[in-house]
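# Results of the structural survey
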2 protein chains.
Amino acid sequence: MKGIRQLAEHLDISIGTISRALNGKPDVNEETRKRVLAAAEQLGYVANQSGRSLRQGTTNVIGLMIQSSKETVENSDNFFLTVTGGLQSVFSRHNLDLIMLPCPHDEDPYEYLKRMVARRIVDALILSETQRVDKRFDLLAKAKIPFAALGRSLSGVQHPWADLDFDSVANSAVDRLVARGHRRIAISVPTSDINLGFVFAEGYRHALERHGIPYDPALIIRAKSSEQGGYQVADELLRLEDRPTAVILIYELMAIGLYRRVMEAGIIPGRDIAVVGFREAPRAKFLQPALTCFRTSLHDLGVELAEILLSSMPAYNHLYPDTNRQRTWSLELVPGESDAFYLPSSK
Amino acid sequence: MKGIRQLAEHLDISIGTISRALNGKPDVNEETRKRVLAAAEQLGYVANQSGRSLRQGTTNVIGLMIQSSKETVENSDNFFLTVTGGLQSVFSRHNLDLIMLPCPHDEDPYEYLKRMVARRIVDALILSETQRVDKRFDLLAKAKIPFAALGRSLSGVQHPWADLDFDSVANSAVDRLVARGHRRIAISVPTSDINLGFVFAEGYRHALERHGIPYDPALIIRAKSSEQGGYQVADELLRLEDRPTAVILIYELMAIGLYRRVMEAGIIPGRDIAVVGFREAPRAKFLQPALTCFRTSLHDLGVELAEILLSSMPAYNHLYPDTNRQRTWSLELVPGESDAFYLPSSK
């Protein structure tokens, strides 16, 4: 791929003449025009339509940084592909393209981001897998690169973000279970320092407090966000002496592994143990009994996140004057059969 | 984010002086050095470490174009995230970064690619979802941009590709089923013109021929590559008058929907109907009875594809002199219980 500059060098003709020849302007003699067109064909000339201006330093490209651990990959975490559709539907209004920057699982996300910033291929960034303390926020703030985060962080107090409302999910799950007579309620949290785990655990703790239920650290199970993680959660629950009667999961695919493990032990979800899943996923629909979970539109979340980012970019913020730049994104409870029963003592 | 050029303009100092000041060279007076560092901080200066040279037109970035339809997204198609890991493990040897270019589902892939080429953010490209006839091959060849395709195409006779061996999968599945007495064997193929569907159907047809089994077009079921597609395949099979005794699926998640639909009709996979799935997926392990499927390493496929691409790039081909640039990638049959039974007539 060559541009006009390479063409000019190759032919030893000025860029201005090349440009006029390529654009069919009449003030270029026919022989020159033919030479330019032939060289353009030969070298694989591609017009630069990016609107990229060295002076302005803009690329019209927005980057979405994603991290994929081996475990989430093997579990088909397609969360991002859905959010991407929503992001693109907004960016396309402004002739902006979205690219995904996949941080290799064996590379430090901070160092990776630093390198991608130095590569200068994007005008702005969206971060995901936000950590409790996330140095990437400081890196981008210092480099004055507009960004928005999918997920809050202690580091991002001032910065734009959109985040699923993990607090409210934990609260309504606990409320629902308590109303059915449960007091021994376990939750799963991620093994990493991803911020959503802290928000979820805090919400759970507050909900217990509201109901006057003592907090028992043994009921907080750290596990990977995967089917295997769900299997492990069930395994640990089964080994607890004072076994919980209910469990709230933090990731949609965990229910599949959890169902499997408890059924191996002859325990039936929705009869012997109450299960509340996280996000409603097509796959969860295949579970029997139907899983109680939470519905949301990831596409619309992508739309919101794109608008939040644009409202933070000097070139676009006048177009999004009323955008709330810090936004928790609600989920709606979808009652299933997995937690429908009432504990005998509460009847 | 600003570069050295913006810094020079802002301060009205030459680029050479700025560079010497930033690099701590002694021939810059102290006051100038301080002014430069202060402005660098204020403007968010980022050193350009990309090795990008306007003269050479290189970015050291490789693009992987992916398309996601609504249906594959909702079914968590993470195929790419696994291949990506393999690609990156090779590219990182050469200080190359991989970015993903997600073509929106409502945009024509050819037009999208044209725009991304004009944006000039990548040195080379990997294409996926290769179509039977794929104009993108011609576009990149004309623009002299090195590329490799995940999947063959009639358009890509000369071009580098790696492709799962759909032909061999179809053949060994038919052989296995015929050995168990089946002669009415259905297959699923995609609804789109993606090339793998043609390769798969051809392999199936040849295998039938080898066994002297007549080809019946009614047994070729077009369906979406998703759980829902599997459900639909089962639904269509159940409505056939001369119902097949076996079915071969082309996508890993289809088995989940197919199991569900046939069980709704009281038909048990592995007893009443033989099912051969496609790729072994963690999720398929949860199916009862265990699905007969095919094992492969998508990570290693990514490694291979990266080497194929590099062997086609002028700057790297001397490092990969022995790479076979057109490579079918084998899968190993993993016998399960879903097709283990023998038809009574053949016993």
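Conventions adopted
Residues numbered from 1 in each chain as written. Chains lettered and ligands numbered in written order. Predicted model: local features only at pLDDT ≥ 70, side-chain atom pairs only at ≥ 80, totals over all residues. Heavy atoms only, no water. Helix = DSSP H or I, 4+ residues; strand = E, 2+ residues; numbered from the N terminus. Rg over C-alpha atoms; globule rule 2.2 N^0.38 Å. Lys, Arg positive; Asp, Glu negative; His and termini not counted. Charge placed at Lys NZ, Arg CZ, Asp CG, Glu CD. Pairing = 2+ DSSP bridges. Axes fitted to C-alpha atoms, helices over the stretch in contact; angles between N-to-C directions. pLDDT = per-residue confidence, 0-100. Contact = heavy atoms within 4.5 Å. Buried < 20%, exposed > 50% of the residue type's maximum accessible area, 1.4 Å probe, protein only. Right-handed = clockwise from strand over helix to strand, strands pointing away. Phe/Tyr/Trp six-rings, centres within 6.5 Å; stacked < 30°, edge-to-face > 60°. Lys NZ or Arg CZ within 6 Å of the ring centre and 35° of its normal. Expected span 1.5 Å × (residues − 1). Arc of directions from axis to C-beta. Polar contact = N/O pair within 3.5 Å; in protein donor to acceptor, adjacent residues only side chain to side chain.

### Concerning the overall build of chain A
Within chain A, the regular secondary structure consists of 12 helices and 12 strands. Relative to a compact globule of 347 residues, whose C-alpha radius of gyration would be 20 Å, chain A shows 26 Å and is clearly more extended. For chain A, the spread of C-alpha atoms along the three principal axes comes to 95 × 40 × 30 Å. In chain A, the 41 positive side-chain charges and the 42 negative ones have mean positions that sit 3 Å from each other.

### Some points on the sheet that holds strand 6 (residues 185-189) of chain B
All names here are of chain B. A sheet is described by the order of its strands in space; here six strands give the open sequence 7-6-8-9-10-12, paired in mixed fashion. Each edge of the open sheet is held by one strand with a lone partner, namely strand 7 (220-222) and strand 12 (332-334). Averaged over all pairs of adjacent strands, the angle between strand axes in this sheet comes to 20°, irrespective of strand direction. Looking at chain direction, strand 8 (residues 246-248) and strand 9 (residues 274-279) are connected through three bridges and run parallel.

### Some thoughts on the confidence of the model for chain A
All names here are of chain A. On average, residues of chain A score 88 in pLDDT, and 92% of them reach the 70 mark or higher. Highest mean pLDDT in chain A belongs to strand 8 (residues 246-248) (98); lowest belongs to helix 4 (residues 70-74) (51). Confidence drops under a pLDDT of 50 for residues 50-55, and excluding neighbours within four residues, the segment shows 19 contacts in the predicted structure.

### Points about the sheet that holds strand 10 (residues 292-295) of chain A
Residue and element names in this part refer to chain A. Pairing is mixed in the open sheet, where six strands are placed in the order 7-6-8-9-10-12. Edge positions in the open sheet fall to strand 7 (220-222) and strand 12 (332-334), since each of these has one partner strand only. Adjacent strand axes in the sheet meet at a mean angle of 20° when their direction is disregarded. Of the pairings in the sheet, the one linking strand 6 (residues 185-189) to strand 8 comprises three bridges and is parallel in character. Along strand 8, the bridge assignment pairs Ile 185 with Ala 246.

### Re helix 11 (residues 254-264) of chain A
Residue and element names in this part refer to chain A. The element helix 11 is extensively covered by neighbouring structure, given that eight of its 11 residues are classed as buried. Every buried residue of helix 11 is accounted for by Met 254, Ala 255, Ile 256, Gly 257, Leu 258, Tyr 259, Arg 261 and Val 262. With its phi angle positive at about 80°, Gly 266 sits one or two positions after the end of helix 11.

### Side note on the pairing of strand 6 of chain B
All names here are of chain B. Judged by how many residues are buried, strand 6 sits mostly within the fold: five of five residues are covered. Neither face of strand 6 is open: one carries Ile 185, Ile 187 and Val 189, the other Ala 186 and Ser 188, and all of them are buried. Judged from the three bridges that link them, strand 6 and strand 7 form a sheet pairing that is parallel. Residue pairing across strands places Ser 188 opposite Ile 221, the latter belonging to strand 7. Running through helix 9 (residues 195-210), the crossover from strand 6 to the neighbouring parallel element strand 7 is right-handed.

### Here we look at the packing of aromatic side chains
Residue and element names in this part refer to chain A. In the structure shown here, the tally under the stated rule is eight aromatic pairs over all chains. One aromatic cluster is present, formed by Phe 166, Phe 200 and Phe 278 through successive ring pairs. Above the face of the Tyr 215 ring, Arg 205 is positioned so that its terminal group lies 4.0 Å from the ring centre.

### A look at helix 3 (residues 30-43) of chain B
Residue and element names in this part refer to chain B. For helix 3, with 14 residues, the first-to-last C-alpha span of 20 Å sits near the 20 Å given by 1.5 Å per residue. Those residues of helix 3 that sit buried are Thr 32, Val 36, Ala 39, Ala 40 and Leu 43. Each buried residue of helix 3 sits inside an arc of 105° when the element is viewed along its axis, so together they form one side. Turned more than 90 degrees away from the buried face of helix 3, the exposed residues are Glu 31 and Lys 34. Next to the buried residues of helix 3 lie helix 1 (4-11) and helix 2 (15-22). The residue sitting at the N-terminus of helix 3 and contributing the capping side-chain oxygen is Asn 29; that oxygen lies 3.0 Å from the backbone nitrogen of Glu 31. Positive backbone phi, at 75°, marks Gly 44, one or two positions downstream of helix 3.

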